Amino acid sequence: MKVSEKDVAYVADLANLELTDEERARMLRDLNSILEYVDRLSELNTDNVEPMAHVSDRYGVDESRQGSGRFAYSIRDDVHNGLRESLPHDVAVKNAPDTDGTFFEVPKVIER
Amino acid sequence: MIADRETTGLTIDGIRTAIAERKTTAAATASEFYARIKREDPSIGAFLTLSEDRAHAQAERIDEMVAEGRSLPPLAGVPIAVKDVMVTGDVRTTAGSKILENFIPPYDCTAVTRLEAAGAVVLGKLNCDEFAMGSSNENSAYHEVHNPRDKSRVPGGSSGGSAAAVAAEMAVATLGSDTGGSIRQPASFCGVVGLKPTYGRVSRYGLIAFASSLDHIGPIAKTVKEVALLLRTIAGRDPMDSTSAEVPVPDYVAELKKPVKGLKIGVAKEYFGEGLDPEVRSAVEAAIQKLAELGCEVVPVSLPHTEYAIPTYYIVATAEASSNLARFDGVRYGFRAPKAHTLSEMYRLSRDRGFGMEVKRRIMLGTYALSAGYYDAYYLKAQKVRTLLTRDFDEAFRKVDVIAAPTCPTPAFKLGEKVNDPLAMYLADIYTVTANLAGIPGISVPCGANHEKLPIGLQLFGRHFDEATLLRVAHAYDQARLPT
């Protein structure tokens, strides 16, 4: 067993999930089964292999340009045309579960 | 099955021409499709929301264009539908999740905007696995989808509604999304054509994020030619998605006319190993033989890291998902659990009740893989193996133009068959996740059926941004199979 009940509780906490007792038991079983399968990755020697976070790490790269300018897709010219139009205030809060029309309202933030 | 694909003649060109020639109207066409949906969908379950007002308004605009004698755009009056992970302004968008049950987006996904600008009529939003996480559509928080070819079976996932709607002719074409095979696998299970383009080819603006480095939007239709037309419509740079590529978009439909003779088709033994259903194997081998008869040269290639693709995918995808789904916190939109006393309790209860089991499982796995002490062993390791998997394709594409493989190891499985075994479900994507990790385009084309008349899919992979060659080969095969 790679993952313990304690790990499940810790990770659920990090992920802002509560989980019922039944879900925790299932999680324990499923995560262990999946991670056991994932462990086959350790068979591969990757000492000198660069990690790939994104396809554009490798493609869409313009080698003739310098620095971050090489990532042709993700760069735009830094021109100031004023603020880009954003959502009107009333539209932005329209889907909010709780709002006073100006702000999103939430339960008490500071716990004692 | 060949007959099934052509029976009604309800193709994009057929409908557009009938409207242009005033044999019907866009409004009448939309109404016919809604009547069909109301008749067929109760036993299939492909739709989550119908956008009738929006569809009829668009149909009216098209009919006005006809009345004024203006030239019609390429998709004029063509009824399409989109997977419910693409946001649509003023039309409910749920991502198949209870957490977005009442979410009415304030803007449109770029792909949808482009389809409508080309004249398409958006009928509604299609069922899918919650947040596109699943391979059978059984993770939808709303209802399951039945495969129109055999209603006791799954349509595949996560774009199960998108493939089923095309197969049952409740829409002429649909958009799906593909993070690990979610367009190609259901297309294969339902006997239709599904394309995942190159990463960066189609804007992801307005696609509810699952795993941002792997997510793609792509079309599903009955023929390769229609898929080519749809890709031409939705492809191209979008300033709203910084990962959308500044690469010219060819006329994919015109490119289909070029010959395939002399193109090299790679076949990798790694895609024909243990676990491949014998009937799928023989159908795919027959399809490759057909490509040889059409003048293509079949060349063996090697993709040696293929067996590591599923473990790599399930680390990368879940890590990204755990981050992307952090936004669902019950504050700005979506479900909020009542009666929470503190902010922290409100987050937890909202997410606990709003997300389904598979989504929670993936958030947990991804959070674990990114957590202190495990980052190097899992997430960094998976990113390195992703490089190796991509290099495999680089090597192979030095020798060949297109690679042929099965789309899935088996035909559609039974509803409920894998629902309690997440790992078995993940293995349904064994031949499709590689294209997402490498970012190359992939297409599934029907290539026959097994003894139970269940469709089988031929998968073709192409070079980055070379959908033109990929579609050309797929079209040649499609044409060779279909009666004209």
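Residues numbered from 1 in each chain as written. Chains lettered and ligands numbered in written order. Predicted model: local features only at pLDDT ≥ 70, side-chain atom pairs only at ≥ 80, totals over all residues.

Draft legend 1. Looking closely at the overall build of chain B. Along its length, chain B carries 17 helices and 11 strands. What you see for chain B is a C-alpha radius of gyration of 21 Å, in line with the 23 Å of a compact globule of 484 residues. Projected onto the principal axes, the alpha-carbon positions of chain B cover approximately 65 × 55 × 45 Å. Within chain B, contacts between residues separated by at least 24 positions form 76% of all contacts whose residues are at least 6 apart in sequence. (Helix = DSSP H or I, 4+ residues; strand = E, 2+ residues; numbered from the N terminus. Rg over C-alpha atoms; globule rule 2.2 N^0.38 Å. Contact = placed C-beta atoms within 7 Å.)

Draft legend 2. Just the packing of helix H2 (residues 21-38) of chain A against helix H11 (residues 309-324) of chain B, in detail. Contact geometry for H2 of chain A and H11 of chain B: axes closest at 9 Å, N-to-C directions at 125 degrees. Classed by the angle they form, the pair H2 of chain A and H11 of chain B counts as oblique. Along the contact surface, H2 of chain A presents Ile34, Tyr37 and Val38 of chain A, while H11 of chain B presents Pro311, Tyr314 and Ile315 of chain B. Looking at side-chain class alone, the contact of H2 of chain A with H11 of chain B contains six nonpolar, no polar and no charged residues. (Axes fitted to C-alpha atoms, helices over the stretch in contact; angles between N-to-C directions. Parallel < 35°, antiparallel > 145°, perpendicular 65-115°, else oblique. Nonpolar A, V, L, I, M, F, W, Y, C, P; charged D, E, K, R; others polar.)

Draft legend 3. Representation of the pairing of strand S10 (residues 442-449) of chain B in the model. All names here are of chain B. For S10, the buried fraction is high: six of the eight residues fall into the buried class. Both strand S5 (residues 193-196) and S10 contribute to a ladder of three bridges, which runs antiparallel. Counted as the bridge partner of Leu195 is Ile443 from S10. In terms of strand pairing, S10 meets strand S11 (residues 455-462) through six bridges, oriented antiparallel. Bridge pairing links Val445 to Leu458 in S11. Linking two consecutive strands that pair antiparallel, namely S10 and S11, is a turn of five residues; a positive phi of about 65 degrees is found at Lys453 within it. (Buried ≥ 20, exposed ≤ 12 C-beta atoms within 10 Å, placed from the backbone. Pairing = 2+ DSSP bridges.)

Draft legend 4. The interface of chain B and chain A, seen in detail. The interface of chain B with chain A comprises 56 residues on the first partner and 47 residues on the second. Ranked by the residues each element gives to the side of chain B that touches chain A, the list is headed by helix H14 (residues 375-399) of chain B, at 11 residues. Residue composition of the side of chain B that touches chain A, by class: 27 nonpolar, 18 polar and 11 charged.

Draft legend 5. Here's a closer look at the packing of helix H10 (residues 278-293) of chain B against helix H17 (residues 467-481) of chain B. All names here are of chain B. For the pair H10 and H17, the least separation of the axes is 10 Å and the interaxial angle reads 100 degrees. When the axis of H10 is compared with that of H17, the two are roughly perpendicular. Contacts from Ala287, Lys290 and Leu291 in H10 reach Val473, Tyr477 and Ala480 in H17. Class assignment for the residues of the contact of H10 with H17 results in five nonpolar, no polar and one charged.

Draft legend 6. Region of the structure containing the confidence of the model for chain B. This prediction gives chain B a mean pLDDT of 95; 98% of its residues lie at or above 70. In the model output, the complex is listed with pTM 0.96 alongside ipTM 0.91. (pLDDT = per-residue confidence, 0-100.)

Draft legend 7. View of the sheet that holds strand S3 (residues 121-126) of chain B. All names here are of chain B. A sheet is described by the order of its strands in space; here 11 strands give the open sequence S1-S3-S2-S4-S6-S5-S10-S11-S9-S7-S8, paired in mixed fashion. Only two strands of the sheet have a single neighbouring strand rather than two, namely strand S1 (47-50) and strand S8 (297-301). The mean inter-strand angle of the sheet, taken between neighbouring strand axes irrespective of direction, is 30 degrees.

Draft legend 8. Structural detail: the pairing of strand S9 (residues 402-406) of chain B. Residues and elements named next belong to chain B. In terms of burial, S9 is largely enclosed, as five of its five residues are buried. On S9, burial covers both faces: Val402, Ala404 and Pro406 on one face and Ile403 and Ala405 on the other are all buried. Pairing of strand S7 (residues 264-268) with S9, which is carried by three bridges, proceeds in the parallel orientation. Looking at S9, one finds that Ile265 is bridged to Val402. With five bridges connecting them, S9 and S11 associate as antiparallel partners. From the neighbouring strand, Ile403 faces S11, where its bridge partner is Phe461.

Draft legend 9. Representation of helix H8 (residues 224-234) of chain B within the structure. Residue and element names in this part refer to chain B. With respect to burial, H8 is a largely interior element, 11 of its 11 residues being buried. For H8, the set of buried residues is Val224, Lys225, Glu226, Val227, Ala228, Leu229, Leu230, Leu231, Arg232, Thr233 and Ile234. Downstream of H8 by a residue or two, Gly236 has a phi angle that is positive, lying close to 115 degrees.

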